[in-house]
Amino acid sequence: MIEKLRLYDFLSGLIPGVLLVTAISVLFPQTATILDINLPREFVVISYLAVSMVAGLLIQTIGSLFEPTLFKMFGGKPSDLALAGKLGDSYLPAEDATRIKNTLLKYFGADASERSIFLRSISVVESLDSSKAKDFNAQYAYLRSIATLLISILTLLLLSHFFESAIRNYFWLSTVILAVLTLLFSWRAWQRGAYYAREVLLMAEREFSKEKINP
C-alpha cells in the first residue's frame, strides 16, 4: 500500500500525521495503550498507519482554515499583493507588476478584476511543462502543513503541561522552540506562496505575449 502513495501524500499527509500521532503518544502516554491489545502486530502497524493518514488529512484541513491568518501575519495574500505591486522588490517589483497587469488586461479585457486575471492565468501556466508553478504550490502546501503541525503540537504541549503533567522538564524551552519554528515555517510558507504568484504572472505574461493563446 505504501508503494502506491505518491510522494506528495507522504510529504503533506503521512509525515505530519505520523509526527502528530507520535506527539500525542508522548504528551498523553495513556493514548499509546489504545491499540496495545491482543491483536496481530501487522494489524497494529496498519492501524497506526491509517490513524496517521487521517491525522495528516486533519492537519491539511486545519491548515486550510489557518490560511487567512497566515496571509494576514505577513501583509496579505501573495496573489493579491502581486498584481497590486505590493509583493515587494525581492519577489516582484511594482513596475513589473504594472507591466504584467497591463499585458494581461489586453487579453482578458479591461474590465477584468485582479482576481480574475490571476485565476485565468493559473489555468494556462499550470499546464506548461516549463513552469515551476506546480512545484511552488506543492511546497507551499507542505510548509503550511508543517506550520499547522507545529501549532497543533504546541497546543498539545500546553494541554499536557497543565492537565496531564506528562512533561515537566524543559517545558518552557520546548514552548519557545515550537513557537519560533512555527513562525519560521509560516514565513517560509508565505514566501513559497509569493514565489508561486510571481511564477504564475511571469509565465502568463510570456505565454500571452507570444500571441499563441486565445483567452
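Cut-offs and rules
- Residues numbered from 1 in each chain as written.
- Predicted model: local features only at pLDDT ≥ 70, side-chain atom pairs only at ≥ 80, totals over all residues.
- Heavy atoms only, no water.
- Helix = DSSP H or I, 4+ residues; strand = E, 2+ residues; numbered from the N terminus.
- Contact = heavy atoms within 4.5 Å.
- Areas by Shrake-Rupley, 256 points an atom, 1.4 Å probe, with all protein chains shown as cover.
- Phe/Tyr/Trp six-rings, centres within 6.5 Å; stacked < 30°, edge-to-face > 60°.
- Buried < 20%, exposed > 50% of the residue type's maximum accessible area, 1.4 Å probe, protein only.
- Core = buried A, V, L, I, M, F, W, Y, C linked by side-chain atoms within 4.5 Å.
- Patch = residues over 30% accessible without salt bridge, like charges linked within 9 Å, V, L, I, M, F, W, Y side chains within 5 Å.
- Salt bridge = Lys/Arg side-chain N within 4 Å of Asp/Glu carboxyl O.
- Polar contact = N/O pair within 3.5 Å; in protein donor to acceptor, adjacent residues only side chain to side chain.
- Expected span 1.5 Å × (residues − 1).
- Bend = angle between axes of the 7 residues up to and from the residue.

Colleague: Go over the overall build of the chain, please, and point to the residues and values.
Modeller: Within the chain, the secondary structure is distributed over seven helices and zero strands. Listing the helices and strands of the chain from first to last along the sequence gives α-α-α-α-α-α-α. Excluding contacts between residues fewer than 6 apart, the proportion of contacts in the chain whose partners are at least 24 apart in sequence is 79%. For the chain, the exposed area adds up to about 12400 Å²; of that, 62% sits on carbon and sulfur atoms.

Colleague: I'd like a rundown of the packing of aromatic side chains, residues and numbers included.
Modeller: Here the structure, examined in full by the defined rule, presents 11 aromatic pairs. Centroid distance Y91 to W190: 5.8 Å. Interplanar angle 80°. Geometry classified as edge-to-face. Taken together, the positions of Y91 in the loop between α3 (78-83) and α4 (94-108) and W190 in helix α7 (residues 171-209) put the pair 99 residues apart, joining distant regions of the chain. Taken as a pair, Y91 and W190 share a single burial class, namely buried. Taken together, a centroid distance of 6.3 Å and an interplanar angle of 80° make the contact between F118 and Y196 edge-to-face. You can see F118 sitting in helix α5 (residues 114-125) and its partner Y196 sitting in helix α7, a full 78 residues away along the chain. Here the aromatic residues F74, Y91, F136, W187, W190 and Y195 are joined through ring pairs into a cluster of three or more.

Colleague: Which residues make up the nonpolar core, and what are the values?
Modeller: One finds L87, L104, F118 and L201 to be the most contacted residues of the largest nonpolar core, which totals 35 residues. Secondary structure elements with two or more residues in this core: α2 (41-73), α3, α4, α5, α6 (133-164) and α7. Broken down by element, the residue count for this core peaks at 11 residues, all from α7. When neighbours within four sequence positions are excluded, L104 is seen to be in contact with I117, S121, L201, A204, E205 and F208. Formed by 16 residues, the second largest nonpolar core is a distinct cluster that contains I146, I153, L157 and L178.

Colleague: Tell me what's going on with a nonpolar patch on the surface, and back it up with residues and numbers.
Modeller: Residues Y170, L173, V176, I177, V180, L181 and L184 make up a contiguous nonpolar surface patch of roughly 670 Å² in combined accessible area. Examined against the element boundaries, Y170 turns out to sit in the loop between α6 and α7.

Colleague: Outline the side chain of S52, supporting the account with residue identities and numerical values.
Modeller: By the element assignment, S52 lies in helix α2. A polar atom in the side chain of S52 sits 2.8 Å from the backbone oxygen of Y48. Once residues within four sequence positions are removed from consideration, S52 is found in contact with G13, L14, G17, V18 and V21.

Colleague: Let's hear about α2: which residues, and what values?
Modeller: Compared with an ideal rise of 1.5 Å per residue, which puts 33 residues at 48 Å, α2 spans 45 Å between its outermost C-alpha atoms and is within 8% of the ideal. Its maximal kink placed at F66, α2 deviates by approximately 45°, while the proline P68 follows within four residues. Turning to α2, its buried residues number three or more, namely V44, S47, L49, S52, A55, G56, I59, G63, F66, L70 and F71. In the stretch just after α2, G75 is the one whose phi turns positive, near 100°.

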